[in-house]
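Here are the chains, one letter per residue:
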4 protein chains.
Amino acid sequence: MIIVMLSNASKAAIDRVQAEIVRMGSTPHLSQGKFRTVIGAVGEEGKVDESHLASLEGVEKVVPIMKPYKLASREFHEDDSVVEVGGGKSAFGAEVPRVKVGGVHAACIAGPCAVENQEMLQRIARHVRAGGAHILRGGVFKPRTSPYSFQGLGMEALKWMRQTGDDLGMPICVEVMDTRQVADMESYVDCFQIGARNMQNFDLLREVGKTRKAVLLKRGLSASVKEWLMSAEYVLSQGNRGVILCERGIKTFEDSIRYSLDVTSIPVLKQWSHLPIIVDPSHAAGKRDYVGALALAGMAAGAHGVIVEVHYCPSEAQCDGPQALLPETFKELMGQLRQIAAVLKKEFADVGETVAN
Amino acid sequence: MIIVMLSNASKAAIDRVQAEIVRMGSTPHLSQGKFRTVIGAVGEEGKVDESHLASLEGVEKVVPIMKPYKLASREFHEDDSVVEVGGGKSAFGAEVPRVKVGGVHAACIAGPCAVENQEMLQRIARHVRAGGAHILRGGVFKPRTSPYSFQGLGMEALKWMRQTGDDLGMPICVEVMDTRQVADMESYVDCFQIGARNMQNFDLLREVGKTRKAVLLKRGLSASVKEWLMSAEYVLSQGNRGVILCERGIKTFEDSIRYSLDVTSIPVLKQWSHLPIIVDPSHAAGKRDYVGALALAGMAAGAHGVIVEVHYCPSEAQCDGPQALLPETFKELMGQLRQIAAVLKKEFADVGETVAN
Amino acid sequence: MIIVMLSNASKAAIDRVQAEIVRMGSTPHLSQGKFRTVIGAVGEEGKVDESHLASLEGVEKVVPIMKPYKLASREFHEDDSVVEVGGGKSAFGAEVPRVKVGGVHAACIAGPCAVENQEMLQRIARHVRAGGAHILRGGVFKPRTSPYSFQGLGMEALKWMRQTGDDLGMPICVEVMDTRQVADMESYVDCFQIGARNMQNFDLLREVGKTRKAVLLKRGLSASVKEWLMSAEYVLSQGNRGVILCERGIKTFEDSIRYSLDVTSIPVLKQWSHLPIIVDPSHAAGKRDYVGALALAGMAAGAHGVIVEVHYCPSEAQCDGPQALLPETFKELMGQLRQIAAVLKKEFADVGETVAN
Amino acid sequence: MIIVMLSNASKAAIDRVQAEIVRMGSTPHLSQGKFRTVIGAVGEEGKVDESHLASLEGVEKVVPIMKPYKLASREFHEDDSVVEVGGGKSAFGAEVPRVKVGGVHAACIAGPCAVENQEMLQRIARHVRAGGAHILRGGVFKPRTSPYSFQGLGMEALKWMRQTGDDLGMPICVEVMDTRQVADMESYVDCFQIGARNMQNFDLLREVGKTRKAVLLKRGLSASVKEWLMSAEYVLSQGNRGVILCERGIKTFEDSIRYSLDVTSIPVLKQWSHLPIIVDPSHAAGKRDYVGALALAGMAAGAHGVIVEVHYCPSEAQCDGPQALLPETFKELMGQLRQIAAVLKKEFADVGETVAN
């Protein structure tokens, strides 16, 4: 930590800062320049309280040197983490395949935005399985900006998800919105999804951190990479190491596009953290015409996979129809994604023989 | 709702859109220009599903005309709402004063960032009461970006808040973070605070919407005014009409300041909605030197009050010390705020005789 | 300047950085912590090339400590600068009044967006003079986003501006867009305006810096405060000390408002720089209903005045009609601004006896 | 154009709007809903003045339907434009190769950030030519945020650029900053570069629009896609059809990365416009470690090429050293870019036999 003093800071103020650093168990290093005095407290950053030092008289600003996250950092875990989604027996007794995400392993998560009924779910699931998806997605609790919009079908729909995943040999990934849902959902899901608007719902992060299911953590709509990794740290700090990050587009000044998929975050994340990262081109684009280009861009930037929405009849979807890919487009996109992955020395597992539609 | 067709949309596509509008119970109005066809469905916007229409073939975009919020809108409630905080008996049997916020009534909420112990709370409370604050604030559950930071003292600290408020004749405003806390907190607080990071924690909004305590709803760090009002709508839709909005600074590209207090949102909100709005200059500024200027700017832009953090010894605060005002600065600021309020034809109630420190 | 080394930086890399600092004429201070090595080069920041050091092997990042601007800084000039607009004889021989902006002196610049004809200009000028404005504004070269929009009437209109200002006893402020216009305009204007989109047109900044007329420098639509002061530095570095900064709203994610007036920049600027700062509520708001609230907010945040657009018949204006205030609204606003200024211990000069409309 | 009336607009106000639309030569279409009246003027958008209508009494907002740009739009030119850079004889008499950008043709522009001396330029140029670059870049007038930074070597350096390009058989692309430079530069360059900070320097756009050299138009740091296309329209409207767009990263709230490369803009642009688009990963990243990932992401999103900075010894560069690629890294990257281009059905031309370093 570097403490920059105001140009007119008194000797007493400088002494006080040094004394506080000693009191906190660290060692101050004084650099007195012509115009400024700067005090370093580099050794044991964890012990030093940035906010406290910033409050002291004569301090202009405090510049942290160490990253505030630990378990999520490359320093803590040098190699890429590989997170496994699925494995073991499902609540209905089926063997759930184990899908790897991270390192050289890329994966595709696909399905409908929301589960609307069992028949529709099965139909879409067969399509995405046939197209090459590894994990089935589908919302049962929907975070909608309007209280008057469709809010999801809840636990019954979750059971359909489990059953459909079991039938097709796919682990399932389902969004959780409320701490009170975690316990009930835990026995059915293979991967909890935390939505962008809940990225800093700290109680929810802690609660899924206590489970041993994978956690797909979407980036908040205006979260910095550092804040995102701090949210991952909440999950990791509870003992759950199965965090997959998901870039889903950020808010910018651009008003003719829904969100901007921030591919720049991908190489940055990979330098700072060992956690796997996938992209969600559907929510970023908000419009099916743009989904393919963004999916390819994400993979080319180094992502470990994608999560996309697919519907055989988007105009019937109860939410986010405009961004759902048609099954045939999805299949073509998977072909291109495999080629891009190969350029980047990554690999999508083969999903085995396709299932009849 | 206005449906803009692509320049090359077929007659069949145009007919389909019109048929769908009829099916949803509304009436289409066709305008065929030289280059574009535009279809209006203005009458009964609520019935028409924007997302569905946007999914249809040949549609370029759908432009909503009506505001998506109802209960929060000026159309629903033409006059300014006046929200009352407090009133009735406290959990400890004291008579709680009733503080009005909205219309011509301005109020000041002040106190420590977090409650750290009972003695410190009482001391700060006496200071803010003496300085002219109407409502006491103090966090007992703290949303911290790091899982390793101080997370608040919980229910015990809430009881200290209640007791201190009762002793000084001040209603209390306390942040709630988790749906599971609402029931326990309801008997102690006069006003629930929803933090910026929880602005779209929809389950939490619904849960406080079921209580009959006032709700201070902070704006999300990158929420548009429309999204913010939609979150207010979640609370209102459960029957709770006591929503006070709070602008607390937004994220922008500026990297040398914490947040930018978005005063522009104030006249916009007052045109679109009847709900009262206050500003939080402390969290926007992040630095005590800027708090006064932002508080005054918020009032001058038309806010119904401020919420500020005060500490008699900021360098001892466990969180956000750098932004806490000293008691004497707070008192001076209140004097200037009263003058600005007078220019705007608003009034801060007199808090009566001051209490000994 | 602080150089933070990567956690795995070699001793050779650390030695190289120190050697380079010595070579540049500064002195390195080494702080070796448990996890990181940090090297300070605080003394003579000007001599040290940040970009060069950041390119060296083993360097994670370089944190500048000193501000990159000199002449614009409080350190260079501790007291508020007071800029004088006008004075001397006009090109047409009239005595031009001297208007002070900065320190305790506030001023109001008002007039039409664009000069459309001589009669309209005179009529609006009389209105704003009667309402209390000190300086007359009016565009003759208009920066329009579309090449097909009205681009201004050029030098002829500038002469009308000069004549009208002379007739009413008001200095004039006119936007310059191109380096080739500076010489011609210099003999007519009292204050050059640099538009937001030209804030980093460095050749233009240098060119007006060579004149001795005041320069109203608008903030770029997404310029940080630091970048803005660096642009001021371009003007100052040419010997022109008459820079007045103008906050005019910034781009944010908010899509239902044109720009957000960034009042937070005002106390920050006043801490970092001695230059006067005014606000432009008209361009920020884009809508006359919001102009008053933003003007008051800017003054309350500490601005030294406002620049506003006024038109007696906004629906006839060739540009930006929706944001022009009516003359009577302008007059009322000036009354409120004077009251706010008094609270802040600033003063708008009296414009003397009003002129007949 | 759609005019949305306020819910309480009078019949007189509605009649006035309709009369104005007729006066402007268009036809109003009235849609009277239960809550709102909406008036369409779809036919001849060009004739109708949005700003004027928005100023009329009773109008809530005006929603444009047509795009404001014409020559840049897909409607105007349905197929992808292919821009040719180079061709003809250079000022020094050499035959300049013709490089195609757009449609299936991808190209790579590479070279130093700034030209610092002739020897260094030649050395870097040989490297990028050997690595597969098609066009040579190099700055001779540098837009620097600080007036105290290196500002470029001017016309002499431009002649070195021309000579080096001629020697290696590469067209050259050089930034122009000031209208007064255009005439002198025109005889030497094959492609003018307009920097991000000059994207709305309208006089400069017009001036290069009058030449017949290609124009590489960088996106402003916070320009919307629409504003960017409007700037292209300025160039096109002067008769110059050789515009190549260049996405170079935008400003967002993220403070640990320089800019975010906005790949989302690529599919959007390609839907709205026929103009070719390339990406600049060097300026977006600001750090060489991220350049490769961003270049690949841009190509995968559909770009027609890249512009990158290369230096054989980045720590000696006078500007932007930290983002320059080493020659060997550049060569590897070109290999990967060719593979990505193949997946997208695009092709980088072969630059022929390599030149000795």
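Before any of the text, the structure's been laid out above.
Residues numbered from 1 in each chain as written. Chains lettered and ligands numbered in written order. Predicted model: local features only at pLDDT ≥ 70, side-chain atom pairs only at ≥ 80, totals over all residues. Heavy atoms only, no water.

Draft legend 1. Structural view of the overall build of chain A. The helix and strand tally for chain A stands at 11 helices and 15 strands. Surface exposure of chain A reaches about 11700 Å², of which carbon and sulfur atoms provide 47%. The average position of the 41 basic charges and that of the 42 acidic charges among the side chains of chain A differ by 2 Å. (Helix = DSSP H or I, 4+ residues; strand = E, 2+ residues; numbered from the N terminus. Areas by Shrake-Rupley, 256 points an atom, 1.4 Å probe, with all protein chains shown as cover. Lys, Arg positive; Asp, Glu negative; His and termini not counted. Charge placed at Lys NZ, Arg CZ, Asp CG, Glu CD.)

Draft legend 2. Here's a closer look at the interface of chain B and chain A. Contacts between the two partners involve 48 residues from chain B, matched on the other side by 47 residues from chain A. Taken together, both faces of the contact between chain B and chain A bury some 3700 Å²; the carbon and sulfur share is 45%. By the criterion of area lost to chain A, the three top residues of chain B are Tyr148, Arg180 and Ser315 of chain B, representing 15% of everything that side buries. Counting across the chain B and chain A interface gives four salt bridges. Of the charged contacts in the structure, one is a salt bridge between Lys251 of chain A and Glu227 of chain B, with a shortest N-O distance of 2.6 Å. At the junction of chain B with chain A, the criterion picks out 25 residue pairs in polar contact (both at pLDDT 80 or more). Here the residues of the side of chain B that touches chain A are counted per class, giving 15 nonpolar, 16 polar and 17 charged. (Contact = heavy atoms within 4.5 Å. Buried area = accessible area lost by both parts, 1.4 Å probe. Salt bridge = Lys/Arg side-chain N within 4 Å of Asp/Glu carboxyl O. Polar contact = N/O pair within 3.5 Å; in protein donor to acceptor, adjacent residues only side chain to side chain. Nonpolar A, V, L, I, M, F, W, Y, C, P; charged D, E, K, R; others polar.)

Draft legend 3. Quick look at the packing of helix H7 (residues 225-236) of chain C against helix H8 (residues 265-272) of chain C. Residue and element names in this part refer to chain C. Running from N to C, H7 and H8 point in directions that differ by 50°, and their axes come no closer than 11 Å. One finds that H7 runs oblique with respect to H8. In terms of crossing hand, the pair formed by H7 and H8 is right-handed. Along its contact with H7, which presents Val225, Lys226, Trp228 and Leu229, the element H8 presents Ser265, Val268, Leu269 and Trp272. Considered class by class, the residues forming the contact of H7 with H8 number six nonpolar, one polar and one charged. (Axes fitted to C-alpha atoms, helices over the stretch in contact; angles between N-to-C directions. Parallel < 35°, antiparallel > 145°, perpendicular 65-115°, else oblique. Left-handed = near helix turned anticlockwise from the far one by under 90°.)

Draft legend 4. Examining the packing of helix H8 (residues 265-272) of chain A against helix H10 (residues 288-300) of chain D more closely. At their nearest, the axes of H8 of chain A and H10 of chain D sit 8 Å apart, and the two run at 135° to each other. Regarding the angle of H8 of chain A to H10 of chain D, the classification is oblique. Crossing geometry of H8 of chain A relative to H10 of chain D is assigned as right-handed. Together, Pro267, Val268, Gln271 and Trp272 of chain A of H8 of chain A and Asp289, Tyr290, Ala293 and Leu294 of chain D of H10 of chain D make up the contact between the two elements.

Draft legend 5. Examining the interface of chain D and chain B more closely. At the interface, 27 residues of chain D touch 27 residues of chain B. Of the roughly 2100 Å² buried between chain D and chain B, counting both surfaces, carbon and sulfur atoms make up 62%. Summed over the shared surface of chain D and chain B, the result is two salt bridges. Note that Glu60 of chain D is salt-bridged to Lys67 of chain B, the shortest N-O span being 3.0 Å. Viewed at the interface, chain B and chain D are joined by two residue pairs in polar contact (both at pLDDT 80 or more).

Draft legend 6. Representation of the relation of the copies chain D and chain B. Its rotation angle being 180°, the transformation that places chain D on chain B also includes 0.0 Å of axial translation and leaves an RMSD of 0.0 Å. Such values leave the two copies arranged in the relation of a two-fold axis. Relative to the rotation axis, the C-alpha of Phe253 of chain D is the closest in chain D, positioned 2.2 Å from it. In this assembly the copies share their binding face: 100% of the residues contributing to the interface of chain D also contribute to that of chain B. (Least-squares fit on C-alpha atoms with pLDDT ≥ 70 in both.)

Draft legend 7. Broad picture of helix H7 (residues 225-236) of chain A. Residues and elements named next belong to chain A. Taking 1.5 Å of rise per residue, the 12 residues of H7 would be expected to cover 16 Å, and the 16 Å separating its terminal C-alpha atoms lies within 8% of that figure. Most of H7 is tucked away: 11 of the 12 residues are buried. Among all positions of H7, only Val225, Glu227, Trp228, Leu229, Met230, Ser231, Ala232, Glu233, Tyr234, Val235 and Leu236 are buried. For H7, the elements touching its buried residues are helix H6 (202-209), strand S11 (214-218), strand S12 (243-247), H8 and strand S13 (277-279). (Expected span 1.5 Å × (residues − 1). Buried < 20%, exposed > 50% of the residue type's maximum accessible area, 1.4 Å probe, protein only.)

Draft legend 8. Looking closely at the sheet that holds strand S1 (residues 2-5) of chain B. Residues and elements named next belong to chain B. With respect to topology, four strands assemble into an open sheet ordered S2-S3-S1-S4, the strand pairing being antiparallel. At either end of the open sheet lies a strand with only one pairing partner, and these are strand S2 (29-32) and strand S4 (59-63). Taking each pair of neighbouring strands and ignoring which way they run, the sheet shows an average axis angle of 20°. Pairing between S2 and strand S3 (residues 37-40): four bridges, direction antiparallel. Directly across from Gln32, in S3, lies its bridge partner Thr37. (Pairing = 2+ DSSP bridges.)

Draft legend 9. Here's a closer look at the environment of Asp289 of chain B. By secondary structure assignment, the location of Asp289 of chain B is in helix H10 (residues 288-300). What makes Asp289 of chain B partly exposed here is its relative accessible area of 48%. Along the backbone, Asp289 of chain B and Gln318 of chain B are 29 residues apart, and their C-alpha atoms lie at a distance of 19 Å. A polar contact of 2.7 Å, which involves the side chain of Asp289 of chain B, links it to the side chain of Gln271 of chain C.

Draft legend 10. The arrangement of the side chain of Asp280 of chain C in detail. Residues and elements named next belong to chain C. With respect to the helices, strands and loops of the structure, Asp280 is situated in the loop between strand S13 (277-279) and helix H9 (281-285). Looking at Asp280, its side chain comes within polar contact range of the side chain of Lys218, at 2.6 Å. A distance of 3.0 Å separates a polar atom in the side chain of Asp280 from the backbone nitrogen of Ser282. Residues within four places of Asp280 in sequence aside, it is in contact with Lys218, Cys246, Glu247, Arg248, Leu261 and Ile307.

Draft legend 11. Quick peek at the pattern of salt bridges. Going through the model one piece at a time under the given rule, you end up with 76 salt bridges over all chains. Here Arg162 of chain A makes a salt bridge to Asp190 of chain A, at a shortest N to O gap of 3.1 Å. Of the two residues, Arg162 of chain A is situated in helix H4 (residues 155-168) and Asp190 of chain A in the loop between helix H5 (182-186) and strand S10 (191-194); the sequence distance between them amounts to 28 residues. The pair formed by Arg162 of chain A and Asp190 of chain A is uniform in burial state, with each residue classed as buried. Linking Arg206 of chain B and Asp203 of chain B is a salt bridge whose minimum nitrogen-to-oxygen distance equals 3.6 Å. Remark: Asp203 of chain B and Arg206 of chain B occur in helix H6 (residues 202-209); sequence separation between them is three residues, near one turn of the helix. Overall, Asp203 of chain B belongs to the buried group, its relative accessible area being 11%. Here the residues in one salt-bridge network are Asp178 and Arg180 of chain A together with Glu207 and Lys210 of chain B, joined through shared partners.

Draft legend 12. Representation of the pairing of strand S7 (residues 105-111) of chain D within the structure. Residue and element names in this part refer to chain D. For S7, a buried count of six out of seven residues is recorded, marking the element as mostly surrounded by other parts of the structure. Relative to strand S15 (residues 347-348), S7 runs parallel, the two being bridged by two bridges. Across the sheet, the residue bridging to Ala106 is Phe348, located in S15. Sheet topology places S7 next to strand S14 (residues 305-309); five bridges connect them, and they run parallel. Pairing of Ile109 across the sheet is with Ile307, part of S14. As paired elements, S7 and strand S8 (residues 135-137) share two bridges and run parallel to each other. Residue Ala110 lies in a different strand from S8, and its bridge partner there is Leu136.

Draft legend 13. Representation of the packing of aromatic side chains. Summed over the entire model, instances satisfying the criterion amount to eight aromatic pairs over all chains. When the ring centre of Tyr312 of chain A is taken as origin, the NZ or CZ atom of Arg123 of chain A, which lies over that ring, is 3.8 Å away. The ring centre of Trp272 of chain C lies 5.3 Å from the NZ or CZ of Lys67 of chain C, which sits over that ring. (Phe/Tyr/Trp six-rings, centres within 6.5 Å; stacked < 30°, edge-to-face > 60°. Lys NZ or Arg CZ within 6 Å of the ring centre and 35° of its normal.)

Scope: geometric values only; no functional claims are made or implied.
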